[in-house]
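# Fold and contact review
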Amino acid sequence: MQGVIKNSLEITESLEDYLKVIYCLKKDKGTIKVKDVASKLNVKPSSVVEALKKLSRKNLISYEKYGEINLNETGTEIAEKIIRKNEVLKNFLNLIGVDRETAEREACALEHALKLDTIEKIEAFTKKSN
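Residues numbered from 1 in each chain as written. Predicted model: local features only at pLDDT ≥ 70, side-chain atom pairs only at ≥ 80, totals over all residues. Heavy atoms only, no water.

### Observations regarding the pattern of salt bridges
This model, assessed by the stated rule, comprises nine salt bridges. Its salt-bridge partner being arginine 84, residue glutamate 123 comes within 2.6 Å of it at the nearest N-O pair. Highlighted residues: glutamate 123 in helix H7 (residues 116-129) and arginine 84 in helix H5 (residues 73-95), separated in sequence by 39 residues. When its relative accessible area of 31% is taken as the criterion, arginine 84 is described as partly exposed. The salt bridge partner of glutamate 101 is arginine 105, with a shortest N-O separation of 4.0 Å. (Salt bridge = Lys/Arg side-chain N within 4 Å of Asp/Glu carboxyl O. Helix = DSSP H or I, 4+ residues; strand = E, 2+ residues; numbered from the N terminus. Buried < 20%, exposed > 50% of the residue type's maximum accessible area, 1.4 Å probe, protein only.)

Take a look at the structure:
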């Protein structure tokens, strides 16, 4: 699925990170603005605005200048898949003895590189090992 997402919508790793952060902030805070995303990703608000424009052009979010940021259905689905991949990878890395901080950092890097099919195999392996 990852390859399908990237090929059909041309979503970069950076935009995937924005979707994931928007999803998580929305769940935690409800209403989110540019400054919330900028703070979470430790980037300038102008960088967030550029990313939001790209996501909006791809119809993954709704956003108006100075307004609230909302994921649409497709944006939500993609964010949930990214988060699922991240969780599976963190669990796997913890299972093989990687400390939590390193697992968090490395899972973020791997989530972009591995296909959903690979993640599903890792998840099945992890369930067998527990």
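### Let's talk about the nonpolar core
Ranked by internal contacts, the top residues of the largest apolar core, which has 25 residues, are Leu19, Ile22, Val37, Leu52, Leu55, Ile61 and Ile69. Every element with two or more residues in this core is listed here: helix H2 (13-29), helix H3 (34-41), helix H4 (45-57), strand E1 (61-63), strand E2 (69-71) and H5. Sorting elements by how many residues they give to this core places H2 first, with seven residues. Contact partners of valine 37, with chain neighbours within four places excluded, come to Tyr18, Val21, Ile22, Leu25, Ile32, Val48 and Ile69. Formed by eight residues, the second largest nonpolar core is a distinct cluster that contains Leu89, Leu93, Ala103 and Ile122. (Core = buried A, V, L, I, M, F, W, Y, C linked by side-chain atoms within 4.5 Å. Contact = heavy atoms within 4.5 Å.)

### Focus: the environment of isoleucine 82
Mapped onto the secondary structure, isoleucine 82 falls in helix H5. The class of isoleucine 82 is buried, set by a relative accessible area of 3%. When the C-alpha atoms of isoleucine 82 and leucine 116 are compared, they prove to be 9.3 Å apart, with 34 residues separating the residues in sequence. Residues contacting isoleucine 82, with those up to four places away along its chain left out, are Glu16, Lys20 and Glu111.

Everything listed here is a matter of geometry and, on its own, says nothing about what the molecule does.
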